[in-house]
Amino acid sequence: MKTEMHDSAALETWSPDEVQSALAANEIVLIDVRTPQEYMFEHIEGALLMPMAFFDATKLPGQSEKRLVLHCGSGMRSEKMAKAAIAAGFDRIAHLDGGFGAWKSAKRPYIGTDMASGAPQRVTP
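Residues numbered from 1 in each chain as written. Predicted model: local features only at pLDDT ≥ 70, side-chain atom pairs only at ≥ 80, totals over all residues. Heavy atoms only, no water.

Draft legend 1. Representation of the nonpolar core within the structure. Counting 18 residues, the largest nonpolar core has Ile31, Phe55, Leu60, Leu68, Leu70 and Ile93 as its most contacted members. Counting only elements with at least two residues in this core, the list comes to strand S2 (9–14), strand S3 (28–32), strand S5 (67–71) and helix H3 (76–87). Sort the elements by how many residues they give to this core and H3 lands first, with 4 residues. Excluding residues within four positions of it along the chain, Ile31 makes contact with Leu48, Met50, Leu60, Pro61, Leu68, Val69, Leu70 and His71. (Core = buried A, V, L, I, M, F, W, Y, C linked by side-chain atoms within 4.5 Å. Buried < 20%, exposed > 50% of the residue type's maximum accessible area, 1.4 Å probe, protein only. Helix = DSSP H or I, 4+ residues; strand = E, 2+ residues; numbered from the N terminus. Contact = heavy atoms within 4.5 Å.)

Draft legend 2. Structural context of the environment of Asn26. Structurally, Asn26 is set in the loop between helix H1 (16–24) and S3. Residues Asn26 and Lys66, 40 residues apart in the sequence, show an inter-C-alpha distance of 8.0 Å. A polar side-chain atom of Asn26 sits 2.9 Å from a polar atom in the side chain of Lys66. (Polar contact = N/O pair within 3.5 Å; in protein donor to acceptor, adjacent residues only side chain to side chain.)

Draft legend 3. How the structure looks around the pattern of salt bridges. Considering all chains together, one arrives at 8 salt bridges under this definition. The partner of Asp32 in a salt bridge is Arg34, with the nearest N and O atoms 2.8 Å apart. Here Arg34 falls in the buried class, since its relative accessible area comes to 4%. Notably, a salt bridge pairs Glu38 with Arg77, separated by 3.0 Å at the nearest N-O pair. (Salt bridge = Lys/Arg side-chain N within 4 Å of Asp/Glu carboxyl O.)

Draft legend 4. Quick look at the sheet that holds S3. Here we have 6 strands laid out as an open sheet, ordered S1-S2-S6-S5-S3-S4, and mixed in their pairing. A strand with exactly one partner marks an edge of an open sheet, and here the two such strands are strand S1 (2–6) and strand S4 (48–49). Relative to strand S6 (residues 92–96), S5 is paired through 2 bridges, and the arrangement is parallel. Residue pairing for S6: Leu70 is matched across the bridge by His95. (Pairing = 2+ DSSP bridges.)

Draft legend 5. H1, seen in detail. Along H1, the residues classified as buried are Pro16, Val19 and Ala22. Down the axis, H1 shows its buried residues gathered within 135° of arc, on one side only. Looking at the buried side of H1, the elements it contacts are S2, S3, S5, S6 and helix H4 (99–105). Where H1 ends, the next residue or the one after it, Asn26, has phi of about 60°, a positive value. (Arc of directions from axis to C-beta.)

Draft legend 6. Region of interest: the pairing of S1. The pairing of S1 with S2 spans 5 bridges and is classified as antiparallel. In the strand pairing of S2, His6 is matched with Ala9. In this antiparallel pair of consecutive strands, S1 and S2, the connection spans 2 residues, and Asp7 shows a positive phi of 60°.

Now the structure itself:
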């Protein structure tokens, strides 16, 4: 994990391994900031959707028990939204380094779409 300080707030950048471990241990809330279409096509199982176009950091859940980790396709949108959360008063927030692309490159499981039926399916690379 890399940490970058913004005033007195910490912006953490997590690897796919760190996110997968924390998600499996139920230690984080994973928030996908991609579009609804991107999410519908494929997403990390358990991730909540808050698209960047409608992102409102004041509506994020509190961090009393679980860390918030944002992700997008490449890490650019999630980093921008993490900085917006810091500007809204969060003192510690994280995002997935390299986004969903890095998640897939690291061969982590996700929910994809069965092209024959259009139904969601678990993908375990």
